[in-house]
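One letter stands for each residue in the lines below.
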Amino acid sequence: LNLARGGRSTLSYRDEGLWDRVIARLKAGEPGAVHHVLIQFGHNDQPGKPGRSTDLATEFPANLARYVADVRAAGGSPVLLTPLTRRSFKGATLNADLAPWAEAVRAVAQAHQVPLIDLHASSAAAVQALGAEQADLLAQGPVGSPVFDRTHLGPRGACLFAEQVLAGLMPLLSNVQPGGPAPDC
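Caption draft 1: Fine view of the packing of helix H2 (residues 18-28) against helix H3 (residues 59-73). Orientation of H2 relative to H3, taken along the N-to-C sense of each, is 25°, at an axis distance of 9 Å. On the basis of the axis angle, H2 is roughly parallel to H3. Crossing hand, H2 versus H3: right-handed. Between H2 and H3, the contacting residues are Trp19, Ile23 and Leu26 on the first element and Tyr67, Asp70 and Val71 on the second. Within the contact of H2 with H3, the residues separate by chemical class into 5 nonpolar, no polar and 1 charged.

This is the structure in structure tokens:
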């Protein structure tokens, strides 16, 4: 069940009441069932986004830790994900502008003993291997189109990175058999 909303940060997702819906669903869930809650933030926590930005050293990790505590208190099992890399290059090298946020997520996961899917590392490696021109093919639309940017994904990018998340998630779900990639991947 995808309860994410684009453009939200660790601050605005809670402020808008969206997190309350997640907790309500957890509390109403089937007793005894394991409900994994994947938590990923970072892109919109970066500075320059009024009403969304959080301080990397203090607010961002505290907000993540609070999400973890809330999930556990509601009977869920939190899983932290580092932010997906942006696909911007400086010359032939990927510009890892989200690396500090990824490191903060890793630190929270370690401090609170939360399973971690290091999507930043796996996505950065994949994008670097593709190179700038091929990485641009993962976007919502072609270069120059109104929906092109190097953050948001089209179907090809969504499939690639969903498979990375699935690979990180499968060890946590030992009772689930993989069904393979979606047909349109």
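Next comes the rest of the description.
Caption draft 2: Expanded view of the packing of aromatic side chains. Per the counting criterion, the structure on display carries 4 aromatic pairs. Relative to Tyr67, the ring of Trp19 lies with its centre 4.4 Å away and its plane at 85°, an arrangement referred to as edge-to-face. Of the two residues, Trp19 sits in helix H2 while Tyr67 sits in helix H3, which places them 48 residues apart along the sequence. Judged on exposure class, the residue Trp19 and its partner Tyr67 are both buried. Through a chain of ring-to-ring contacts, the aromatic side chains of Tyr13, Trp19, Phe41 and Tyr67 assemble into a single cluster. Geometry around Tyr67 places Arg14 over its ring, the cationic atom sitting 4.5 Å from the centre.

Caption draft 3: Structural context of the pairing of strand S1 (residues 36-40). In S1, alternate side chains face the same way, and those of Val37 and Ile39 are buried while those of His36, Leu38 and Gln40 on the opposite face are not. Note: S1 against strand S2 (residues 77-81), 5 bridges, orientation parallel. Each bridged residue has a counterpart across the sheet, and for Ile39 the counterpart in S2 is Leu80. Tracing the backbone out of S1, into H3 and back to the parallel element S2 gives a crossover that is right-handed.

Caption draft 4: Molecular detail of the side chain of Asp136. Locating Asp136 in the fold gives a position in the loop between helix H6 (132-135) and helix H7 (155-169). What Asp136 contacts, discounting residues up to four positions off in sequence, is Arg87, Val143, Phe148 and Arg150.

Caption draft 5: A look at the pairing of S2. Among the 5 residues of S2, 4 are classified as buried, and the element is accordingly described as predominantly covered. Pairing analysis gives 2 bridges linking S2 to strand S5 (residues 116-117), with the strands arranged parallel. Within S5, the residue paired with Leu80 across the bridge is Leu116.

Caption draft 6: Layout of H3. Taking 1.5 Å of rise per residue, the 15 residues of H3 would be expected to cover 21 Å, and the 21 Å separating its terminal C-alpha atoms lies within 8% of that figure. Residues of H3 that are buried include every one of Phe60, Pro61, Asn63, Leu64, Ala65, Tyr67, Val68 and Val71, and no others. The inward-facing, buried residues of H3 abut helix H1 (12-15), H2, S1, S2 and helix H4 (99-111). After H3 finishes, the residue Gly75 shows a positive phi value of roughly 90°.

Definitions and limits used
- Residues numbered from 1 in each chain as written.
- Predicted model: local features only at pLDDT ≥ 70, side-chain atom pairs only at ≥ 80, totals over all residues.
- Heavy atoms only, no water.
- Axes fitted to C-alpha atoms, helices over the stretch in contact; angles between N-to-C directions.
- Helix = DSSP H or I, 4+ residues; strand = E, 2+ residues; numbered from the N terminus.
- Parallel < 35°, antiparallel > 145°, perpendicular 65-115°, else oblique.
- Left-handed = near helix turned anticlockwise from the far one by under 90°.
- Contact = heavy atoms within 4.5 Å.
- Nonpolar A, V, L, I, M, F, W, Y, C, P; charged D, E, K, R; others polar.
- Phe/Tyr/Trp six-rings, centres within 6.5 Å; stacked < 30°, edge-to-face > 60°.
- Buried < 20%, exposed > 50% of the residue type's maximum accessible area, 1.4 Å probe, protein only.
- Lys NZ or Arg CZ within 6 Å of the ring centre and 35° of its normal.
- Pairing = 2+ DSSP bridges.
- Right-handed = clockwise from strand over helix to strand, strands pointing away.
- Expected span 1.5 Å × (residues − 1).

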